[in-house]
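Understanding the architecture of this molecule
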Amino acid sequence: MNLLFVRILFIVASSIVGYQAGSVQGGLIGVILSSTLILIEMGLRKVSVSGLSSSVFGLILGLIMAKLVGDAFSVTPLSPSTLASVRVILTLVFCYLGMIMALRGKDEFSVIIPYVRLRRQDQAEEIVVLDTSVIIDGRIVDICKTKFLSGKIIIPKFVLRELQQIADSTDPIKRQRGRRGLEILHTVQTESGLDIVIHETDFPETNEVDAKLVKLAKLLEAKILTVDFNLNRVATIQGIKVLNINELANALKPIVFPGEEMQIKLIKEGKEHNQAIGYLEDGTMVVVEDARKLIGQEVKVAVTSVLQTQAGRMIFTKLER
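Please read these numbers as outputs of a predicted model, since none were measured by experiment.

Quick look at the pairing of strand 1 (residues 127-130) now. Covered by surrounding structure in strand 1 are Ile 127 and Val 129 together with Val 128 and Leu 130, the residues of both alternating faces. Bridge count between strand 1 and strand 2 (residues 152-156): three bridges; the pairing is parallel. By the bridge assignment, Ile 127 is partnered in strand 2 with Lys 152. As judged from the three bridges shared by strand 1 and strand 4 (residues 223-226), these two strands associate in the parallel manner. Note on strand 4: the bridge partner recorded for Leu 130 is Leu 225.

Below you can see the structure in the form of structure tokens.
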């Protein structure tokens, strides 16, 4: 049952009720009133459930405060008409202030159903929010299939919107990355077997997607899954737990020790004099001393040292004679 059918049904029902109440003229009034209400409803389509619930909360708080302050004025020697006017003014003022304060701080409220936690604190469900970079990266598919992630996987609507914008880009490289991200997202939804939810919450006052991700993670008390180094730093500074796939990949790389031997194919020159560089199957860079003349060949080397950097692990070696 789509929205158009519901709206037509509402207009027809209103016209029937109006006709029964006041013949043809009543039916016409019913059609006009129902059509007006539908137009108002269509104009409110951008109002979020979060904003609406915050407004209602602020309104209720304002009414309570107005009642309390009004009762305080009732003990003063004011005439009934003056007291009634004071109560009306207090109600308007406190309701307005309550709604404004609630809307300004709506991101801090957890008063709508998706945010209410009806479970014990020691059995809290783990929530992981995906960012755009980790979807495009693609390794999320294999991670989900291996069941290393558990709990609920959240894909924000604004991340989907950013993926769509990238897929519609005039730049062919960006367009390819965006389409790849949408395909990976479809695979994750259909093949991962995890609880995946598209989250509707947006933050219109914030333009940057990374800032929205941090706000949503705070709101849901969730972790962020990413491969973006800058988002990792920003979220960590603000107290958000971050799962970085690059850090996981580095942690899972095989450990090598000085003196260990390996076979490596030399690909290109190194930065320093007479160095050559090769790569392991997992992408780890291997620097070989005094091997520039052997580029293009597979050689046997011995590990001299290992350097761990933010970009990854580097293995320094020398030729085995």
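A separate point is the packing of helix 6 (residues 157-167) against helix 8 (residues 209-220). Here helix 6 crosses helix 8 at 160°, and the two axes come no closer than 10 Å. Taken together, the axes of helix 6 and helix 8 lie roughly antiparallel to each other. In the packing of helix 6 onto helix 8, the handedness of the crossing is left-handed. In this structure, helix 6 uses Phe 158, Val 159, Arg 161 and Glu 162 to contact helix 8, whose residues at the interface are Val 209, Lys 212, Leu 213 and Leu 216. Residues belonging to the contact of helix 6 with helix 8 are distributed by class as follows: five nonpolar, no polar and three charged.

Moving on, we come to the pattern of salt bridges. Enumeration according to the criterion identifies nine salt bridges in this entry. What emerges from the salt-bridge pattern is a single network uniting Lys 67, Asp 71 and Arg 87.

Moving on, we come to the nonpolar core. For soluble globular proteins, the rule of thumb is that nonpolar side chains tend to be buried together. Formed by 41 residues in total, the largest nonpolar core has its most connected members in Leu 130, Ile 135, Ile 140, Leu 149, Leu 213 and Leu 225. It is helix 8 that provides the largest number of residues to this core, a total of seven residues. Look past the residues within four positions of Ile 135 in its chain and what remains in contact with it is Leu 130, Ile 140, Ile 155, Val 159, Leu 163, Gly 181, Ile 184 and Leu 185. Residues Val 288, Leu 294, Val 301 and Ile 315 belong to the second largest nonpolar core, which totals 14 residues.

How each quantity is defined
- Per chain, residue numbering runs from 1 following the sequence as it is written.
- In view of the model being predicted, local features appear only for residues whose pLDDT reaches at least 70, and side-chain atom pairs are presented and counted only at 80 or more, with totals across whole chains, interfaces and linings using the full set of residues.
- With hydrogens and water excluded, all non-hydrogen atoms of the structure serve as input to the side-chain values.
- Think of it in three bands: with a 1.4 Å probe and only protein chains considered, a residue is buried below 20% of the maximum accessible area for its type, exposed above 50%, and partly exposed in between.
- Put simply, DSSP H or I for four residues or longer makes a helix, DSSP E for two residues or longer makes a strand, and each gets a number counted from the N terminus.
- Only strands joined by at least two bridges in the DSSP assignment are considered to pair.
- Simply put, an axis is a line fit to the C-alpha atoms, just over the touching stretch for a helix, and the angle between two N-to-C directions goes from 0 to 180 degrees.
- The cut-offs work like this: below 35 degrees is roughly parallel, past 145 is roughly antiparallel, 65 to 115 is roughly perpendicular, and the gaps in between are oblique.
- Left-handed describes a crossing whose near helix is turned anticlockwise from the far helix by less than a right angle; the clockwise case is right-handed.
- Whether two residues are in contact is decided by their heavy atoms: any pair within 4.5 Å suffices.
- When residues are sorted by character, Ala, Val, Leu, Ile, Met, Phe, Trp, Tyr, Cys and Pro go into the nonpolar class, Asp, Glu, Lys and Arg into the charged class, and all the rest, Gly among them, into the polar class.
- The salt bridge criterion pairs a side-chain nitrogen of Lys or Arg with a carboxyl oxygen of Asp or Glu, the two atoms within 4 Å.
- Remark: nonpolar core denotes a set of buried residues (Ala, Val, Leu, Ile, Met, Phe, Trp, Tyr, Cys) joined through side-chain atoms within 4.5 Å.

Limitation: the analysis is restricted to geometry and does not speak to function.
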